[in-house]
Amino acid sequence: MASGCSDALRICMDCLGDKDRNILLPKPGFSLYQTVAGNRGVPVKYYNLKPEKDWEIDLDQLESLIDDKTAAILVTNPSNPCGSAFTVKHQLEILAVAEKYGVPIIADEIYQDMVFE
């Protein structure tokens, strides 16, 4: 249990990250992620979102950031602030990268029920 999304993110970062283990965050992304990580002393690296591909994750660049100190990949879907929603295919591609390296995903899906046609 958590008292809101911000508290849930804090709990995840407390459990997975520390001063020696980084978390990968989206760029652009919700500024709270960096704030929570910074308050906990967890280093961050930023993976790019591709505006020309409806803000999909640049999977090659994401993969290049993963190392033995990567604690987690934070994924926002639907995206805040970009407003895009990943296709099922892209979500599976993200999972494949995480699985390849054994890196857990922190899934921020707070807006999952706010997707409009």
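Scroll up to find the structure this text is about.
Residues numbered from 1 in each chain as written. Predicted model: local features only at pLDDT ≥ 70, side-chain atom pairs only at ≥ 80, totals over all residues. Heavy atoms only, no water.

Student: Please clarify how the overall build of the protein should be interpreted in this entry.
Tutor: When you go through the protein residue by residue, the secondary structure sums to 4 helices and 5 strands. Reading the secondary structure of the protein in the N-to-C direction produces α-β-α-β-β-α-β-α-β. Of the contacts formed within the protein by residues at least 6 apart in sequence, a portion of 61% connects residues at least 24 apart. Element-wise, carbon and sulfur atoms account for 54% of the exposed surface of the protein, whose accessible area totals about 6,800 Å². (Helix = DSSP H or I, 4+ residues; strand = E, 2+ residues; numbered from the N terminus. Contact = heavy atoms within 4.5 Å. Areas by Shrake-Rupley, 256 points an atom, 1.4 Å probe, with all protein chains shown as cover.)

Student: In this structure, what is going on with the nonpolar core? I would like to understand it.
Tutor: Here is a general trend for soluble globular proteins: nonpolar side chains tend to be buried in one another's company. Counting residues in hydrophobic clusters, the biggest one holds 15 residues, and the most contacted among them are Leu24, Tyr47, Ile57, Leu62, Ile73 and Val75. When residues of this core are traced back to their parent elements, those giving at least two are strand 2 (44-50), helix 3 (59-65), strand 4 (70-76) and helix 4 (88-101). Those residues in contact with Ile73, other than ones at most four positions away along the chain, are Leu24, Tyr47, Leu62, Ile66, Ala98, Val103, Pro104, Ile105 and Ile106. Membership of the second largest hydrophobic core comes to 12 residues, among which are Leu25, Val36, Ala37 and Val42. (Core = buried A, V, L, I, M, F, W, Y, C linked by side-chain atoms within 4.5 Å. Buried < 20%, exposed > 50% of the residue type's maximum accessible area, 1.4 Å probe, protein only.)

Student: Whenever I open this one, the side chain of Ser84 confuses me. Can you help?
Tutor: By the element assignment, Ser84 lies in the loop between strand 4 and helix 4. Ser84 gets classed as buried once you look at its relative accessible area, which sits at 5%. At 3.3 Å, the side chain of Ser84 and the backbone oxygen of Asp54 are in polar contact. (Polar contact = N/O pair within 3.5 Å; in protein donor to acceptor, adjacent residues only side chain to side chain.)

Student: What am I meant to see in the environment of Asp20 here?
Tutor: When you line up the elements, Asp20 lands in the loop between helix 1 (5-16) and strand 1 (22-27). C-alpha separation for the pair Asp20 and Val42, spaced 22 residues apart in sequence, amounts to 7.3 Å. Side chain to side chain, Asp20 and Lys19 meet in a polar contact 3.2 Å long.

Student: It is not clear to me how unusual backbone geometry should be interpreted in this structure. Could you clarify?
Tutor: Excluding glycine, residues mostly have negative phi values, and the peptide bonds linking residues are mostly trans. That bond from Lys27 to Pro28 is cis: its omega, 0°, falls within 30 degrees of zero. Looking at the secondary structure, you find Pro28 in the loop between strand 1 and helix 2 (32-40). Although it is not a glycine, Asp54 sits at a positive phi angle of roughly 55°. Structurally, the position occupied by Asp54 is in the loop between strand 2 and strand 3 (56-57). For Trp55, which is not glycine, the phi torsion reads 65° and is therefore positive.

Student: Can you walk me through the pairing of strand 1 in this structure?
Tutor: Note on strand geometry: in a regular strand, side chains alternate between the two faces of the sheet. Of all 6 residues in strand 1, 5 are buried; the element is thus mostly enclosed. As paired elements, strand 1 and strand 4 share 3 bridges and run parallel to each other. Looking at strand 4, one finds that Leu24 is bridged to Ile73. (Pairing = 2+ DSSP bridges.)

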